[in-house]
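Remarks on the overall topology
Letter by letter, the chains look like this.
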Amino acid sequence: MKAVTHEAFGEPSQVLEVTELPLPEPGPGQVRIRTLLAAIHHHDLWTVRGTYGVKPELPARAGTEAVGIIDALGDDVRGFEVGQRVATGGTFGAWAEQFLAKAGALIPVPDDLPDQTAAQLVSMPFSAITLVDFLGAGPGEWVVQNAANGAVGRMVAQLAGARGINVIGLVRRAAGIGELADQGVDHVVATDGDGWRDRVDELTGGAPIVAGVDSVGGRASGDVLSLLTDGGTLVAFGAMDSPTMQISSGDVIFKQAVVKGFWGSKVSAAMSAEQRRALFAELVERIATGALTLPVDAIYPFSEIRTAAAKSLEPGRRGKVLLRP
């Protein structure tokens with residue numbers, strides 16, 4: 001079978017390649033999945049660079065989320081059958097024609113859910129809804145996030161809005177305001193011009209902003225913190241620009257602000273099964289009602305993985321970049 005691999009850590013558009021590997025056989029509790037579509041996430045690309053929280057042994061496979069058809073069952077697998085369509089969001093090596101997954105990590109895909117939606121159902125949407133929970137904001141309260149035109153940023157705005165939470169979205173380009181408005185996301189402010197803080201005050205009506213999400217790092221971290229009310233919480237979610245957060249000690253001290261990190265894998269692992277089921281049920285409901293949308297920008301074959309990786313990092317994308325065998 002063909003799989004996307006890399007023999008060295010580095011820029012994904014330079015080190016990723018397609019190689020031939022033996023067809024894997026499922027062990028106890030595992031299933032083998034024939035891939036239909038797979039998603040490219042930022043954490044997949046960070047892993048290829050060697051800068052994520054988990055660093056695989058080289059040469060390494062890549063990818064973590066896909067939708068596919070079960071074509072083989074290992075021993076002791078219950079509740080699944082060959083030919084069933086499933087999705088998984090935490091299975092390393094998913095960028096392959098076929099891959100192995102733990103049966104417990106699979107989600108049966110409803111017949112009416114398109115492959116393009118199912119291929120990105122788990123990782124980013126579940127991270128987004130878990131992040132909304134993590135912020136602790138309630139209906140009527142205000143939160144702020146940067147990278148608002150990223151995949152998770154857009155989902156946070158939609159999911160929080162469905163709960164009655166108000167979200168200010170910060171983008172670095174004025175064009176990002178219109179791009180998000182086209183997708184039904186409002187309360188967006190561009191930080192590339194003077195007076196953007198005044199615009200935030202205008203949108204909130206001076207109401208306190210109780211929490212903020214930083215996905216950028218660098219000076220952008222301090223921008224988010226500066227908008228928070230006393231006792232507000234700044235959550236570090238990503239570091240697209242810089243691994244260092246530049247924040248004002250005065251804001252931390254005098255606002256008595258809380259700064260903490262969010263890593264979906266750890267938060268999810270500590271979550272009860274009941275809460276996980278409830279959040280997934282909420283996701284499916286939001287998709288069914290149209291409150292949450294999962295657009296696709298482009299689909300590339302594995303053979304164009306380097307182009308696809310570069311496309312996934314381009315600003316201004318209108319949706320997720322997917323891969324097909």
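Rules of the game
Residues numbered from 1 in each chain as written. Predicted model: local features only at pLDDT ≥ 70, side-chain atom pairs only at ≥ 80, totals over all residues. Heavy atoms only, no water. Helix = DSSP H or I, 4+ residues; strand = E, 2+ residues; numbered from the N terminus. Buried < 20%, exposed > 50% of the residue type's maximum accessible area, 1.4 Å probe, protein only. Contact = heavy atoms within 4.5 Å. Areas by Shrake-Rupley, 256 points an atom, 1.4 Å probe, with all protein chains shown as cover. Pairing = 2+ DSSP bridges. Core = buried A, V, L, I, M, F, W, Y, C linked by side-chain atoms within 4.5 Å.

A few points about the overall build of the protein chain
What the protein chain contains, in helices and strands, is twelve helices and 16 strands. If you line up the protein chain on its principal axes, its C-alpha atoms span 60 × 40 × 35 Å. Burial statistics for the protein chain: of 325 residues in total, 50% are counted as buried. A separation threshold of at least 6 residues defines the contact pool for the protein chain, and within that pool the share at least 24 residues apart is 69%. For the protein chain, the computed accessible surface area is about 14400 Å², with 50% contributed by carbon and sulfur atoms.

Section: the sheet that holds strand β2 (residues 17–20)
Hydrogen bonds between backbone groups are what pair the strands of a sheet, and the pairing can be parallel or antiparallel. Read from one edge of the open sheet, three strands run β2-β1-β4, paired in antiparallel fashion. Looking at which strands have only one partner, the edges of the open sheet turn out to be β2 and β4 (60–61).

Quick look at the pairing of strand β1 (residues 2–6)
Successive residues of a regular strand alternate their side chains across the two faces of the sheet. Most of β1 is tucked away: four of the five residues are buried. Here β1 runs beside β2; their pairing, made up of four bridges, is antiparallel. Its bridge partner being in β2, T5 is matched across the sheet by E17.

Re the nonpolar core
In terms of nonpolar packing, the biggest core is built from 39 residues, with F126, L131, L135, V143, L159, L283 and L292 touching the most fellow members. For this core, the elements supplying multiple residues, two or more each, are β3 (30–39), α4 (123–135), α5 (151–162), β12 (209–214) and α11 (273–289). It is α4 that provides the largest number of residues to this core, a total of seven residues. If sequence neighbours within four positions are ignored, L292 has contacts with P125, M155, Q158, L159, L283, R286 and I287. Listed in part, the 29 residues of the second largest apolar core include L16, A66, F80 and V321.

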